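Geometric and topological summary
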Amino acid sequence: MADKNGFFDLSKTTLTRRTALKGLAAGAGLAVAPGFVRYSQAQSSAPIKIGFQSHRTGIGAAYGRWYEKTTAAAVKAINAAGGINGRQVEVIIEDDGTDPGRGAEVVGKFATQHKTDIVFGTLFSHVVIGSAPAAGENKMPYFVVSEGHHVASTKLNRYVFQPGITDVKSQIQSMAPWIAANAGKKVTQIFPDFAFGYDHRDYLPPALKAQGAEVIAQIAIPPTESSFTKYFPQIPPETEVIYHVMVGPAVLTFVKELGEFYGSNRPQLFGFMDSLEATDINSPGLEFLDGSHFWEGSPRYAQADDSAAQKAYRAAVGIDDNGAAVGDPKDVSTASHMFGCWETLYVVKKAMEDAGYKGPEDRAKLVEATEALTAFAEGPEHPQGPKTFNGKIHQCFGIQNISKVEGGKLKVVHKTKIEDGLYEAEGDYTKQAL
Amino acid sequence: MHFGPHLLLAALEGLVTSAVLALTALGLSLVFGVMRVVNVAHGEFFMLGAVLAWAISTAISGHPALGFLAALVIAPLIVGAIALVAERLVLRRLNYNPEATIVATIGMLYIIQQLALTFYGPEARPVEPPFSYRILLPWFGYSGYKLSIIAASALLLIVTWLVLTRTRIGLIMRATQYDSETAQAFGIPVDRVYGGVFALGAMLAAIAAVLIVPISQAHYLMGQDPLLLSFIVVIIGGLGSLRGTVVAAVLIGLSDGIISMFFSPTLAKIIATLLVAMVLVFRPQGLFGTASR
């Protein structure tokens, strides 16, 4: 195993004048590259910089792409209407690989290298939990669109907000009465084996119990799993409802294998749309989903009673009536979650305007201005519906949709009320020092 | 579910895993056996097979079986061609130096993965199975296509074995594996054999991927698990031993199916890794490997 050709012999590399000059030239080239331009009158005309922590790669990549599309559409609309405090908004994207370790690094990079005003846009709960300490240390307002209960649990820190999408605990609480009344009383849960799944594991049983139903089995599946049949024998035969919420690239396999296992002789199915985000519900093998129910944050398919705001939002983001990209019916969106990016950016705009935000030195003011918000009216800025906001727990509360699969489409059959999903605050971020 | 049917389901799932694993690991084992190259990019050839299967089957309209069969033929050929180019451009220029080729194949892994991400995208995309027959057992339903994977894989393994033991090409490959310098002295074009073997190894991975993709979708990160499991299988079975690879694949596949169904998938992985450690300590050449000369 001798290193005959000296591939690993570092002593051979010597610094010649030529390589040194090359290095200098490259450095000079970087310095004049467009990103390096300095704004002479820094705060008056320089854009507001939003660091977008995106799941460009890794298991969250399909979400990341649609989060980027939605964000781009919202920023375009905001800039066209004059920007924030008269300044244009610029989005800087860094890929976190859907990985908590990388996520924390990305937040650090935004704070020290890009010097962004805020960080925004994270979905996967383990990345949010992994990144939140870095946001706190850098005193960097961190606006996530994650759905998890971790922000509202007040276990993160004062700089983390979730003002654009309702958290899982509230979603479950508001839908439990419908599940118990319409689907069945004996429920088996299937959920991913990480933070987001644990919210479902922890909050569904008490919510169902309050409605006279019960969870009879809980099956945790690793988020990187690619084959699921082996888990299905754990589903008790007396199960009346399978409550499923899966994430990651193998979601389609999960639903298909469930269909192969049960065929038409299946229990009722109630799923979170997460199990099928970015996946066509008319994919071969999914016929057995017909008649089953899903939670949807914002409906994937255009509904008969869509508001003008909802229609305008869909057009701006570029999704057709089936929730797929305009011009590419196979490119299905993550409609249930991505609206949160749009709405969060408008919350940031409102809070920055309230705070008279000028630059990173006003970040504490921005935090306080966000905490002072209480409600967002339905409209072009909040097309999913009206929301209330609890500044103490940094969490918003909105309506949820329960949709039925009918003729290859999802039709909303029930909308919850905001009050259905409210719960006692578990703490108070505003008592933490800034 | 009662114990009997439960065990049956576990065994079926385990056999499907084994079937795919045996083909993938055989490719890895062949490349190591003949070339002494540890191909870290093997899983990416697997992934390429699946991604190409998606591309080919979506390009061909008509009955899904047509697209699938076309993919089964064309995808491995394209992957083999890519592997051949990589071998000529990279591995040969490193003189198959064992350390350098490991680093080079790690580089290939990232290059292939990022190219797939750039041109194919981050989504998991489904390929329609050639037929979707659901076998209805009294206790549960099972995909008929999954059973056909086991049969197809067994058939391919037999063909590979016949080629290696009964044909002139196989003889040349075995001679190169046994002693490449003497083989060269006897006029065997060792250089071309290396190119062919590397392509063949990649093609076996690609075939395995085309077989599995109708049940697990094409995704640019899907090469990681098969790579790890293939290494486990090859270490347990003995690097370069065809028989050992197949036996170890069945062993690992079945134990993974059964342990993960009755206990937990994590425990199955722990046991497989422990087995590797035990083999490395007590029988470093693997169960069926011969001690290095």
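For the structure given in this document, a descriptive report is provided here. Because the structure is a prediction, the values reported are computed rather than measured.

Helix and strand content of chain B: 11 helices and two strands. The C-alpha atoms of chain B give a radius of gyration of 19 Å, which matches the 19 Å a tight globule of 293 residues would have. On the principal axes, the C-alpha backbone points of chain B span a range of 60 × 50 × 35 Å. In chain B, once contacts between residues fewer than 6 apart in sequence are set aside, the share between residues at least 24 apart is 77%.

What follows is about the overall build of chain A. When its secondary structure is counted, chain A shows 11 helices and 17 strands. Taking all 434 residues of chain A together, the buried fraction comes to 51%. Considering only contacts in chain A between residues 6 or more positions apart, those separated by 24 or more positions represent 69%.

What follows is about the packing of helix 5 (residues 144-166) of chain B against helix 6 (residues 168-178) of chain B. Residue and element names in this part refer to chain B. Axis separation between helix 5 and helix 6 bottoms out at 5 Å; the angle between their running directions is 75°. In terms of orientation, helix 5 lies roughly perpendicular with respect to helix 6. On helix 6, the residues that touch Val163, Leu164, Thr165 and Arg166 of helix 5 are Ile169, Gly170, Met173 and Arg174. Within the contact of helix 5 with helix 6, the residues separate by chemical class into four nonpolar, two polar and two charged.

What follows is about the packing of helix 2 (residues 42-59) of chain B against helix 4 (residues 98-119) of chain B. Residues and elements named next belong to chain B. Orientation of helix 2 relative to helix 4, taken along the N-to-C sense of each, is 20°, at an axis distance of 10 Å. Accordingly, the angle class assigned to the pair helix 2 and helix 4 is roughly parallel. The interaxial crossing formed by helix 2 with helix 4 has left-handed handedness. Only Met108, Leu109, Ile112, Gln113 and Ala116 of helix 4 make contact with helix 2, whose side of the interface consists of Glu44, Met47, Leu48 and Val51.

Formed by 206 residues in total, the largest nonpolar core has its most connected members in B:Ala50, B:Ala53, B:Ala206 and B:Ala209. Top contributing element to this core by residue count: helix 8 (residues 190-216) of chain B, with 19 residues. A domain split of this core shows at least three residues from each of domain 1 (44-167 + 338-398 + 425-431) and domain 2 (168-306 + 321-331 + 402-415) of chain A. When near neighbours in sequence (up to four residues on either side) are disregarded, B:Ala206 contacts B:Phe45, B:Phe46, B:Leu48, B:Gly49, B:Ala75, B:Pro76 and B:Val79.

With that settled, the discussion passes to the sheet that holds strand 13 (residues 375-376) of chain A. All names here are of chain A. Spatially, 13-14-15 is the arrangement adopted by the three strands of the open sheet, whose pairing is antiparallel. Two strands lie at the open edges of the sheet, namely strand 13 and strand 15 (395-398), each paired on one side alone. Pairing geometry for strand 13 and strand 14 (residues 387-390), over two bridges, is antiparallel. Its bridge partner being in strand 14, phenylalanine 376 is matched across the sheet by lysine 387.

Residue and element names in this part refer to chain A. Relative to the helices and strands, isoleucine 216 is located in strand 7 (residues 214-221). For isoleucine 216, a count of 17 C-beta atoms within 10 Å corresponds to the partly exposed category. Separated by 23 residues in the primary sequence, isoleucine 216 and threonine 239 place their C-alpha atoms 7.5 Å from one another. Residues contacting isoleucine 216, with those up to four places away along its chain left out, are Lys186, Val187, Thr188, Pro236 and Thr239.

Now for the interface of chain A and chain B. One frequent convention defines the size of an interface as the accessible area lost when the parts assemble. Each partner contributes to the interface: chain A provides 29 residues, whereas chain B provides 32 residues. For the side of chain A that touches chain B, the secondary-structure elements that each account for two or more residues are helix 3 (61-80) and helix 8 (251-262) of chain A. Of the residues forming the side of chain A that touches chain B, the biggest block, five residues, is contributed by helix 8 of chain A.

Residue and element names in this part refer to chain B. Within the element layout of this structure, alanine 175 appears in helix 6. On the neighbour-count criterion, alanine 175 (18 C-beta atoms within 10 Å) is partly exposed. Considering only alpha carbons, one finds alanine 175 and leucine 77, 98 residues apart in sequence, at a separation of 25 Å. If sequence neighbours within four positions are ignored, alanine 175 has contacts with Ala183 and Ile188.

Quick notes on the rules
- Every residue gets a number counted from 1 within its own chain, in the order that chain's sequence is written.
- Whichever chain is written first is A, and whichever ligand is written first is 1; the rest continue in order.
- Note on the predicted model: pLDDT of at least 70 is required for a residue's local features to be given, and 80 or more for side-chain atom pairs to be given and counted; whole-chain, interface and lining totals, by contrast, use all residues.
- Here a helix means four or more residues in a row that DSSP labels H or I, a strand means two or more in a row labelled E, and each is numbered from the N terminus.
- Using C-alpha atoms as the atom set, the radius of gyration is obtained and then compared with a globule rule of 2.2 Å times the number of residues to the power 0.38.
- This entry defines residue contacts through backbone-placed C-beta atoms, with two residues in contact when those atoms are within 7 Å.
- Buried means a residue has 20 or more other C-beta atoms within 10 Å of its own C-beta, exposed means 12 or fewer, and partly exposed covers the counts in between; C-beta atoms are placed from the backbone.
- The axes are straight lines fitted to the C-alpha atoms, using for helices just the contacting stretch, and the angles between their N-to-C directions are given from 0 to 180°.
- Orientation is classified from the angle alone, with under 35 degrees giving roughly parallel, over 145 giving roughly antiparallel, 65 to 115 giving roughly perpendicular, and any other angle giving oblique.
- For this classification, Asp, Glu, Lys and Arg are treated as charged, while Ala, Val, Leu, Ile, Met, Phe, Trp, Tyr, Cys and Pro are nonpolar and the rest, including Gly, are polar.
- Two helices crossing with the near one rotated counterclockwise from the far one by less than a right angle form a left-handed crossing, whereas a clockwise rotation gives a right-handed crossing.
- Joined through C-beta atoms within 7 Å, a set of buried Ala, Val, Leu, Ile, Met, Phe, Trp, Tyr and Cys residues constitutes a nonpolar core.
- Where each domain starts and ends follows an automatic or database-derived domain assignment.
- For two strands to count as paired, DSSP must find a minimum of two bridges between them.

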